[in-house]
Amino acid sequence: MPRVRAGFATRFVALLLAVLLTSASELCAQQADAPAPAEPKPVAAADRSGTKNTRTAPRPKARRDRPGFYMGRPIADVMSWQGVDWLFRETRVDEEQPEAMLDALKITPGATVADVGAGAGYYSVRLARRVGPGGTVLATDVQPEMIQMLKQNAQAAGLNNIKPLLCSSKNSMLPDGKVDLILMVDVYHECTDPETTLRGLRKALRAGGRLALVEFRGEDPEVPIKPEHKMTLEQVRREVEPQGFAFVTSLEFLPWQHIIIFDKPADKEEKTPAKPATGGTRAGPEQPR
């Protein structure tokens, strides 16, 4: 009797093992034949209106420069209104020759000129006398204290054709397409957002209008100005021309500074079409200003 039970137990264990091995083989085969699971779809993000938006977010643009730099150069700090006396220093006439610089720009009476970064009006007053009563000087600055001093200086000089304007790096406050000449004396290198500033200035110029940047020469280590307050001609052109300005010339007769002149080329859409004259004929092209 014990032998019978032992034989039965052996056969039962062998049968059970066979069943388990068969089941495992069938399960492996099913898993091998089954398709791979699909990748989970990204959850659609809800936009501000509450509807779902399945578009992926744009990749952030890489910075071209670290903060405080533009195209490889450091952006200089804006000179505070508290240092305004430096703008009216006695030696400035000899160092910068302001009247000779303005002579070279050939400013015509009746012109609309913008003195951008005018400070307390050192150049605004001189420009106002050149354009005369029929012209206008739009004098802009980012510091309200400078604007207040500019108003006082214009009043003291008896000039009514200076229009002070408080501007910002994002808004030039200049009218579109009305300005004949924009002058920036020792200012451009301090612009915190050069591209936005240049786009605004270009928009303000009439077709053929000029942009004149007066900057201390970065090429000359003997010019006694901090490096961040100097610019090379090459650097100025590299920054300004891509914003739609055409280089005209650089005048180099001043002791320490460039006079770098650009103009705004006439775009096709900016040209005024000829108007038909009375009697069915067409008028000729408008005369240049």
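So, a few notes on the structure that sits alongside this text. From a predicted model like this one, the values you see are computed outputs, not experimental measurements. (Residues numbered from 1 in each chain as written. Predicted model: local features only at pLDDT ≥ 70, side-chain atom pairs only at ≥ 80, totals over all residues. Heavy atoms only, no water.)

Next up on the list: the overall build of the chain. On a plain count of helices and strands, the chain comes out with 7 helices and 12 strands. The buried share of the chain, taken over its 289 residues, is 36%. Long-range pairs, those at least 24 residues apart, make up 67% of the contacts in the chain between residues at least 6 apart in sequence. Working note: accessible area of the chain is about 18400 Å², and carbon and sulfur atoms make up 57% of it. (Helix = DSSP H or I, 4+ residues; strand = E, 2+ residues; numbered from the N terminus. Buried < 20%, exposed > 50% of the residue type's maximum accessible area, 1.4 Å probe, protein only. Contact = heavy atoms within 4.5 Å. Areas by Shrake-Rupley, 256 points an atom, 1.4 Å probe, with all protein chains shown as cover.)

Next up on the list: the packing of helix α3 (residues 98-105) against helix α4 (residues 122-131). One can describe the packing of α3 onto α4 by two numbers: an axis separation of 11 Å at closest approach and a directional angle of 50°. When the interaxial angle is binned, α3 and α4 end up oblique. Remark: the crossing between α3 and α4 carries right-handed chirality. Contact with α3, carried on its side by P98, E99, M101, L102 and D103, involves Y122, Y123, R126, L127 and R130 of α4 and no other residues of that element. Class assignment for the residues of the contact of α3 with α4 results in 6 nonpolar, no polar and 4 charged. (Axes fitted to C-alpha atoms, helices over the stretch in contact; angles between N-to-C directions. Parallel < 35°, antiparallel > 145°, perpendicular 65-115°, else oblique. Left-handed = near helix turned anticlockwise from the far one by under 90°. Nonpolar A, V, L, I, M, F, W, Y, C, P; charged D, E, K, R; others polar.)

The next point concerns the pairing of strand β7 (residues 162-166). Here 5 bridges tie strand β6 (residues 136-141) to β7, and the two strands are oriented parallel to one another. For T140, the partnering residue across the bridge sits in β7 and is L165. Considered for its hand, the β-α-β crossover made up of β6, helix α5 (residues 144-156) and β7 is right-handed. (Pairing = 2+ DSSP bridges. Right-handed = clockwise from strand over helix to strand, strands pointing away.)

Honestly, that's just the spatial picture; any functional story needs more than this.
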